[in-house]
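Chain by chain, the residues:
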Amino acid sequence: MILRSLAASTALILALPAAAQPEEMAGTEIEADRLVQTVRTLASDQFEGRAPGTAGEDRTIGYLIGRLQALGLEPGGENGTWTQKVPLLHTRLGTPERLAFQHDGNTSELSFPTDIYLSTLQPNAAAKIDGAPLVFVGYGVHAPERGWDDFKGVDLKGKVAVFLVNDPDFHAGADEDVAGTFGGRTMTYYGRWTYKFEEAARQGAVGALIVHETAGAGYGWNVIESPGGENYDVVRKPEDLTSLALQGWISGETAKSLFADAGLDLAQLSVAARKDDFRPVDLGTSFSASFPVTSEVVQSQNVLAKISGTKRPEESIVYGAHWDAYGEGQPDELGRIYRAGANDDALGVAGLMEIARAFKAAPAPDRSVVFAFWTAEERGLLGSEFYAANPLYPIEKTVANFDLDILQTAGLAKDVILVGKGQSTLEDDLARFAAAQGRTVSEESLPERGLFFRADHFSMAKRGVPVMLMMGIAGASDLIEGGKEAGQAWVDDYTGRCYHAACDAWSPEWNLAGAVQDIALFRDMGAELANSRRWPEWKAGSEFKAVREESAAVRGE
Ligand SMILES: [Zn+2]
């Protein structure tokens, strides 16, 4: 991907009537009309659904840079540019040449993707596992802050780890010792499939399989198999590559017979896995798989702009939203082929532009403020992951990260929805600034879905940066008109009809009054931190507290 020259991007903006808006109007208010203009531009057909690595990316990058220049921001990317190059790895498994369990000389052939679903994040011509022992690791959790370690020092090098989905107290009754240790109904990071694959790689395994079960996963097998053997990652250095040749899921039925053939009872072992004295169980069975793999590297980019701090420029507040959407797809009933993500996340991008404009209209802050427009969120938070692994501003001195990803478009609300309750002191700031708006804070409605781990802020959280996500579909807003019922109807309509579909388009029916207040909250929270010496902190019990504390000395804490 070659970045358009400055002249080309300026010309492009002038060629787009919707984008020809005056930026000179000073003022720190968030303006709904400007949000609409930005959304209508980015979600227009000219941007082709903003898929990474396409012509739609070129246009998007050019547009964003043009806007940021017009706002008077400084380039915040690599080497004085507006961007950070993000090479993405795209892999696809071919038809399996071999796929089976072996126990006691008996072979059970497996069918892909009905019994087992796999993908790879290694850029090799083939993905192979040759008779590796299967080891059941329970929930596969290593959580020192909760006094929990499922691995008990058992060596998993060269083996395939078999995990239960979710975290150890998800299925537990109230009378069990584990109840509440992992947030109860709320999912902790230990319950996410991403954590399980990462942990298997940390333990040196060559494969990882999660036993699928709809309640624990939160979705059916159709969702598991829908990527069709494709996967994406950022391009990693050889020493940072995962040790897993293959990672994926086995169906509940397949798992049941795998355990039964080994003379074990999956249901019984699942109960044993809810106790802290659980130890890994060798299944006495081996796993073999061989797939041809095609892989390519797609060049994409994050866009970054900044306002340098006047007193402590090395300390930064990072605002984020993702510019990518789903690109082209099958036409919907209205013949629309682009999945343009007008709300997800052109509206978040528009919000960042408004916050940037508000900061420029105010006196320069003490600390630096960075505006990050991430690529490839929809491919697995990859733009933000690449940034967090290769930060342009020191992670230890990143004060906080605020992420806008889907805002409610149903009007003014009496409350704001908090995602990730109990994680950091930023939730106290949120409550304070919401109160100043005459609003209250409500909790997300389905904490078992783990939304806190499913947007770009999470890439920063993993590295210890306190974070806050604004996500309009996290719960039913208590709308001024229609209350919670109307708020839930909006969430249901958006998630049921429009989420990740061509229907996620701008509509004249959008009422952005509530979104304006949500964006203003982030503006205010960030502005206070940008003019303070305060460091927000993770709360006791957060799975991210320990990693932040490792660098406490750098911040003089
Ligand atoms: Zn999104």
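Scroll up to find the structure.
What you see is a predicted model; the values in this text were computed from it and never measured. (Residues numbered from 1 in each chain as written. Predicted model: local features only at pLDDT ≥ 70, side-chain atom pairs only at ≥ 80, totals over all residues. Heavy atoms only, no water.)

**Some points on the pairing of strand S21 (residues 467-470)**
Then step 1. Covered by surrounding structure in S21 are Val 467 and Leu 469 together with Met 468 and Met 470, the residues of both alternating faces.
Then step 2. Bridge analysis of strand S18 (residues 398-404) against S21 gives 4 bridges, and the strand direction is parallel. Residue pairing in the sheet places Asn 401 in a bridge with Val 467 of S21. (Buried < 20%, exposed > 50% of the residue type's maximum accessible area, 1.4 Å probe, protein only. Helix = DSSP H or I, 4+ residues; strand = E, 2+ residues; numbered from the N terminus. Pairing = 2+ DSSP bridges.)

**Looking at the coordination of the zinc ion**
When a metal holds four donors in a tetrahedron, each ideal angle between them is 109.5 degrees; when it holds six in an octahedron, the ideal angles are 90 or 180 degrees.
Then step 1. Within the protein, the atoms that donate to the zinc ion are His 322 (NE2), Asp 344 (OD), Asp 405 (OD) and Asp 405 (OD), at distances of 1.9 to 2.7 Å.
Then step 2. Considering all 4 donor atoms around the zinc ion, angles at the metal cover 52 to 146 degrees and the coordination shape is irregular.
Then step 3. In terms of primary sequence, the donors binding the zinc ion are separated according to H-x21-D-x60-D. Placement of His 322 in strand S14 (residues 312-322) and of Asp 344 in helix H9 (residues 342-361) is noted, with a sequence separation of 22 residues between them. (Donors = N, O, S within 2.8 Å, 3.2 Å for Na, K, Ca; no water. Tetrahedral: all angles 85-135°; square planar, octahedral: opposite > 155°, others 65-115°.)

**What to know about the nonpolar core**
Then step 1. Formed by 75 residues in total, the largest nonpolar core has its most connected members in Leu 118, Leu 134, Phe 136, Ile 250 and Phe 287.
Then step 2. If one sorts the elements of this core by residue count, strand S13 (residues 281-307) sits on top with 7 residues.
Then step 3. Setting aside chain neighbours within four positions, we find Leu 134 in contact with Phe 101, Val 160, Val 162, Leu 209, Leu 258, Val 281, Asp 282, Leu 283, Gly 284, Thr 285, Ser 286 and Phe 287.
Then step 4. Residues Ile 307, Ala 356, Leu 430 and Ala 434 belong to the second largest nonpolar core, which totals 61 residues. (Core = buried A, V, L, I, M, F, W, Y, C linked by side-chain atoms within 4.5 Å. Contact = heavy atoms within 4.5 Å.)

**Here we look at the environment of Glu 198**
Then step 1. Looking at the secondary structure, you find Glu 198 in helix H4 (residues 193-202).
Then step 2. Once the C-alpha coordinates of Glu 198 and Ile 65 are considered, the two residues, 133 residues apart in sequence, prove to be 35 Å apart.
Then step 3. Those residues in contact with Glu 198 that sit more than four places away from it in its chain are Tyr 189 and Lys 462.

**Let's talk about the packing of aromatic side chains**
Then step 1. Scanning the entire structure with this criterion turns up 29 aromatic pairs.
Then step 2. With centroids separated by 5.6 Å and ring planes inclined at 75 degrees, the aromatic side chains of Tyr 189 and Tyr 195 adopt a geometry described as edge-to-face.
Then step 3. What makes Tyr 189 buried here is its relative accessible area of 5%.
Then step 4. Judged by its relative accessible area of 3%, Tyr 195 falls in the buried class.
Then step 5. Between Trp 538 and Phe 544 the ring centres are 5.2 Å apart and the planes differ by 50 degrees, which places this aromatic pair in the tilted class. Just as Trp 538 is buried, Phe 544 falls in that class too.
Then step 6. Taken together, Trp 148, Phe 182, Tyr 189, Tyr 190, Tyr 195, Phe 452, Phe 453, Phe 458, Trp 538 and Phe 544 form an aromatic cluster joined through their ring pairs. (Phe/Tyr/Trp six-rings, centres within 6.5 Å; stacked < 30°, edge-to-face > 60°.)

Read these as spatial facts, not as claims about activity.
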